[in-house]
Amino acid sequence: MYRELAPYLREKYGGRTQRISISYFKTCPNRDGTVGINGCTFCEETGSGFANRFRNLDVKTQMLEGIKHAKKRYHATRFIAYFQSFTNTYAPLSELEEVYNLPIVDDVVALDVSTRPDAFPNEVAELLKKISIKREIDIFVEFGLESINENTLVSINRGHSVAEFIDAVLSAKRYNFETIAHVILDFPSDSIHDEIACAKLLSAVGIDGVKMHSLYIVPNTPIARDYSKGLFKPLNSDEYVRRAVAFLTHLDPKIVIHRLISTPPAKALWSVKMSAPEAKRRVEEGLKSIGKFQGSDFNYLNGASWRKKFANSQERST
Ligand code: SF4
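Undergrad: Help me understand the overall build of the chain, please; the structure alone is not making it clear to me.
TA: Across its full length, the chain holds 11 helices and seven strands. Since a compact globule built from 318 residues should have a radius of gyration of about 20 Å, the 20 Å found for the chain is in line with a globular shape. Each principal axis of the C-alpha atoms in the chain carries an extent, and together these give about 65 × 55 × 40 Å. When burial is assessed residue by residue, the chain has 53% of its 318 residues classed as buried. In the chain, once contacts between residues fewer than 6 apart in sequence are set aside, the share between residues at least 24 apart is 82%.

The following block contains the structure:
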């Protein structure tokens, strides 16, 4: 019903392939004053690195411990070194080069860096290309878009617009990197039309993969303060599923779905309270109930209205 990650990676790399999360970088331009100082309103203190149980170890040890765990738990045979927390391209080139090389050990097939769209200059792309060639590995670059709605981007203090996202994705694609977008589907300030527009934009720019997230609220964040004052009402799981279904049906079927929903940290004050297996079941039921699947409504590129009106008659006359 949608293009799942595990079989895609298995086919690409010839075995069970597991991402190993690495925490090293500790800030981002939206926190250190370069773009902003308070960060995105939902960002928790580990910059999304809370799930990495080895995050206090050095980079190479995190990788080796992660591999050990993935071999035992998932019988994985291939590994992707995934720099996950904060902005993982935001450091001097010499430091990036040193740190990126540390987790590339035996059976690592790719280096995956998660970053902001406004922190991906050509210099970093060149460095990643150099490492890719020298170490014979693939490069994945994950860009946080979060929402396609400019008003939402301002209200969450994101510090960049959709234009920076498009620019960064097109740049990464010029280097033949695999590009992945992060989107949050249930901002109360977005509507389902924003999610459909987002699916269309991601398809039009040729993104390779998507991580779908749900909003969650953790203590000591600006969004938690607004939530406690009752300034907005989070959406429920039914609405998340409704939006996820609409998003998927409009998404190019080639795009790989890396995740259907976020796993919130235990300390979250609020989340949609839906586990990944439950989200999978409910989204699949939602698709089935309307007789659709990923890409059912992917019919809008390459001059769709001209094609609808004239393509058949053109064929007949030639
Ligand atoms: S979500 Fe990412 S970009 Fe936003 S403040 Fe946190 S680390 Fe920075």
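Now that the structure is up, let's keep going.
Undergrad: What should I look at first to understand the packing of helix H7 (residues 192-205) against helix H9 (residues 237-249) in this one?
TA: It is the contact of H7 with H9, at a shortest axis distance of 8 Å, that shows an interaxial angle of 30°. In terms of orientation, H7 and H9 fall into the roughly parallel class. H7 and H9 meet at a crossing whose hand is right-handed. Residue-level inspection shows Ile 192, Glu 195, Ile 196, Cys 198, Ala 199 and Leu 202 of H7 in contact with H9, the latter providing Arg 242, Arg 243, Ala 246 and Phe 247. Here the residues of the contact of H7 with H9 are counted per class, giving seven nonpolar, no polar and three charged.

Undergrad: I keep staring at the nonpolar core and nothing clicks. Help me out?
TA: The biggest cluster of nonpolar side chains holds 77 residues, and the ones touching the most others in it are Tyr 100, Leu 202, Met 212 and Phe 247. Counting residues per element, this core draws most heavily on H9, which supplies six residues. Contacts of Tyr 100, omitting those with residues within four sequence positions, involve Phe 25, Phe 83, Asn 88, Thr 89, Leu 111, Val 113, Val 124, Leu 127, Leu 128 and Ile 131.

Undergrad: Please clarify how the packing of H9 against helix H10 (residues 276-289) should be interpreted in this entry.
TA: The relative placement of two packed helices is expressed as an angle between their axes plus a distance between the axes. Following both chains from N to C, one finds H9 and H10 inclined at 60°, their axes separated by 9 Å at the closest point. Relative to H10, H9 is oriented oblique. In the packing of H9 onto H10, the handedness of the crossing is right-handed. Within the contact between the two elements, H9 uses Ser 237, Asp 238, Val 241, Ala 244, Val 245, Leu 248 and Thr 249 and H10 uses Arg 282, Val 283, Gly 286 and Leu 287. Here the residues of the contact of H9 with H10 sort into six nonpolar, three polar and two charged.

Undergrad: It is not clear to me how the pattern of salt bridges should be interpreted in this structure. Could you clarify?
TA: Pairing between side chains becomes possible if they bear opposite charge and their charged atoms approach one another. A complete count under the given rule lists 20 salt bridges for this structure. Notably, a salt bridge pairs Lys 130 with Glu 97, separated by 3.0 Å at the nearest N-O pair. Pair noted here: Lys 130 is in helix H4 (residues 122-135) and Glu 97 is in helix H3 (residues 93-101), with a separation of 33 residues, a long-range link. The class of Glu 97 is partly exposed, set by a relative accessible area of 27%. Across the pair Asp 208 and Lys 173 runs a salt bridge, and its minimum N-O distance is 3.8 Å. In this pair, Asp 208 sits in the loop between H7 and strand S6 (209-213) while Lys 173 sits in helix H6 (residues 162-174), placing the two residues 35 residues apart along the sequence. When its relative accessible area of 28% is taken as the criterion, Lys 173 is described as partly exposed. Here the residues in one salt-bridge network are Arg 19, Asp 112, Glu 142 and Lys 211, joined through shared partners.

Undergrad: When you look at H7 in this model, what are you seeing that I'm missing?
TA: Because an α-helix packs 3.6 residues into every turn, residues spaced three or four apart end up facing the same way. If you check H7, its first and last C-alpha atoms are 20 Å apart, about what 14 residues at 1.5 Å a residue would give, namely 20 Å. Among the 14 residues that make up H7, 10 are buried, leaving the element largely enclosed by the rest of the structure. Taken residue by residue, H7 has Ile 192, Asp 194, Glu 195, Ile 196, Cys 198, Ala 199, Leu 201, Leu 202, Ser 203 and Val 205 as its buried positions. Next to the buried residues of H7 lie strand S4 (138-146), H6, strand S5 (178-184), S6 and H9. One or two steps after H7, the chain reaches Gly 206, where phi turns positive at roughly 75°.

About the thresholds
Counting of residues starts from 1 at the beginning of each chain's written sequence and follows it residue by residue. Only residues with pLDDT of at least 70 get local features here, since the model is predicted, and only at 80 or more are side-chain atom pairs given and counted; chain-wide, interface and lining totals rely on the full set of residues. Values shown for side chains rest on all heavy atoms present in the structure; no hydrogens or waters enter the calculation. Secondary structure elements follow DSSP: runs of H or I of four or more residues count as helices, runs of E of two or more count as strands, with numbering from the N terminus. Radius of gyration here is computed from C-alpha atoms only, and the compact-globule reference equals 2.2 Å multiplied by the residue count raised to the power 0.38. Exposed residues in this analysis have more than 50% of their type's maximum accessible area, buried residues have under 20%, and partly exposed residues fall in between, with area computed by a 1.4 Å probe over protein chains only. Contacts are assigned to residue pairs with any non-hydrogen atoms lying within 4.5 Å of each other. Interaxial angles span 0 to 180 degrees and are taken between N-to-C directions of axes, which are lines fitted to C-alpha atoms, for helices over the stretch in contact. For classification purposes, an angle smaller than 35 degrees is called roughly parallel, one larger than 145 roughly antiparallel, one from 65 to 115 roughly perpendicular, and anything else oblique. Here a crossing is taken to be left-handed if its near helix is turned anticlockwise relative to the far helix by less than a right angle, and right-handed if that turn runs clockwise. Residues are sorted three ways: Asp, Glu, Lys and Arg are charged, Ala, Val, Leu, Ile, Met, Phe, Trp, Tyr, Cys and Pro are nonpolar, and all the rest, Gly among them, are polar. The definition of a nonpolar core used throughout is a set of buried Ala, Val, Leu, Ile, Met, Phe, Trp, Tyr and Cys residues joined through side-chain atoms within 4.5 Å. Between Lys or Arg on one side and Asp or Glu on the other, a salt bridge is scored when a side-chain nitrogen of the former is within 4 Å of a carboxyl oxygen of the latter. The span you would expect from a helix comes to 1.5 Å times its residue count less one.

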